[in-house]
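# Results of the structural survey
Here's the letter readout for the chains.
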Amino acid sequence: MMLLVSAAMTAPAVAASVTNKDADTQVLVVVEGGSRMEIALEPGATETICPSGCFVTLPNGDRIALNGGENVEIEGGAASVK
């Protein structure tokens, strides 16, 4: 049992992936661990974010919580989480 716990603790964190499927650059506001940053995603670009969980404010004002491992697609300023 200790071996399983040890292996889980040393496994790398899984981050979320965000892809901009819009024709315009989209700006996301990411709050992670108390720090806030803005990420500009060019059309067709994909960015890896939130390795330890975060909140993301989308261009349309929606706010979503990510734990890591999600695939997010932005289209029409709105997000779909997969």
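Up top is the structure these notes are about.
No experiment lies behind these values; they were computed from the predicted model shown. (Residues numbered from 1 in each chain as written. Predicted model: local features only at pLDDT ≥ 70, side-chain atom pairs only at ≥ 80, totals over all residues. Heavy atoms only, no water.)

### Thoughts on the sheet that holds strand E1 (residues 16–20)
By way of backbone hydrogen bonds, the strands of a sheet pair with one another, either parallel or antiparallel. Taken in spatial order, the 4 strands make up an open sheet running E4-E1-E7-E8, and their pairing is mixed. The sheet terminates laterally at strand E4 (46–49) and strand E8 (78–81), the two strands that pair on one side only. In this sheet, neighbouring strand axes are inclined to one another by 25 degrees on average, regardless of whether the strands run parallel or antiparallel. (Pairing = 2+ DSSP bridges. Helix = DSSP H or I, 4+ residues; strand = E, 2+ residues; numbered from the N terminus. Axes fitted to C-alpha atoms, helices over the stretch in contact; angles between N-to-C directions.)

### Regarding the pattern of salt bridges
What the rule picks out here adds up to 3 salt bridges. Notably, a salt bridge pairs arginine 36 with glutamate 38, separated by 3.9 Å at the nearest N-O pair. We note that arginine 36, like glutamate 38, is exposed. Where lysine 82 meets glutamate 73, a salt bridge forms, and the shortest distance between an N and an O atom there is 3.1 Å. Looking at lysine 82, the relative accessible area reads 59%, which means it is exposed. Several salt bridges converge on common partners, so that one network encompasses Lys21, Glu73 and Lys82. (Salt bridge = Lys/Arg side-chain N within 4 Å of Asp/Glu carboxyl O. Buried < 20%, exposed > 50% of the residue type's maximum accessible area, 1.4 Å probe, protein only.)

### Here we look at the sheet that holds strand E6 (residues 63–66)
If you trace the 4 strands from one edge of the open sheet to the other, you get E3-E2-E5-E6, paired in antiparallel fashion. Of all strands in the sheet, those bounded by a partner on one side alone are strand E3 (35–41) and E6. Here the average twist between neighbouring strands, direction ignored, is 25 degrees. Here 7 bridges tie strand E2 (residues 26–32) to E3, and the two strands are oriented antiparallel to one another. Among the inter-strand pairings, valine 29 is bridged to a residue of E3, identified as glutamate 38.

This is a description of form; function is not addressed.
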